[in-house]
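# Geometric and topological summary
Letter by letter, the chains look like this.
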Amino acid sequence: MTEFRITHEIHEVHPDIRERLTATTIEAINESSARSPEDAALVLRHKLGEIGVHMSEEACLAAIERIRSGKQLRFEIERETDENEV
């Protein structure tokens, strides 16, 4: 299963971020069901940006293609590590 990692402190800003990610992704998919994968990816990227989550166009396109092929997404939320930490 492909994992989309969100590696900043968004989980502290939005404790319900998993639910918001799921709801936002479903909303974007529903709104863009008749659009090309590229257009749907832009809708998803915009919707995620509205809740403070930033994904690349490539990641959004991969998410759209995965969902449209009947596969699931799982967002992994992890703390951003300081490059100086070992």
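Calculation notes
- Residues numbered from 1 in each chain as written.
- Predicted model: local features only at pLDDT ≥ 70, side-chain atom pairs only at ≥ 80, totals over all residues.
- Heavy atoms only, no water.
- Axes fitted to C-alpha atoms, helices over the stretch in contact; angles between N-to-C directions.
- Helix = DSSP H or I, 4+ residues; strand = E, 2+ residues; numbered from the N terminus.
- Left-handed = near helix turned anticlockwise from the far one by under 90°.
- Contact = heavy atoms within 4.5 Å.
- Nonpolar A, V, L, I, M, F, W, Y, C, P; charged D, E, K, R; others polar.
- 1 Å grid on protein atoms, 1.4 Å probe; cavity = no way out; pocket = protein on both sides within 12 Å on 5 of 7 lines; lining within 4 Å.
- Points joined across faces, edges and corners; volume = space filled by probe spheres on them.

Our focus in this paragraph is the packing of helix α2 (residues 17-31) against helix α3 (residues 37-50). Running from N to C, α2 and α3 point in directions that differ by 145 degrees, and their axes come no closer than 9 Å. Here α2 runs over α3; the crossing is right-handed. Contacts between α2 and α3 involve Leu21, Thr24, Thr25, Glu27, Ala28 and Glu31 from the former and Val43, Leu44, Lys47 and Leu48 from the latter. A class-by-class count of the residues in the contact of α2 with α3 yields five nonpolar, two polar and three charged.

Let's shift gears to the layout of surface pockets. Here the largest pocket defines a volume of roughly 190 Å³. Along the walls of the largest pocket sit Arg18, Leu21, Thr22, Thr25, Ile26, Ile29, Ile67, Leu73, Arg74 and Phe75, which together make up its complete lining. The set of elements that each furnish at least two residues to the lining of the largest pocket consists of α2 and β2 (74-77). No other element matches α2, which puts six residues into the lining of the largest pocket. The class makeup of the residues in the lining of the largest pocket is six nonpolar, two polar and two charged.

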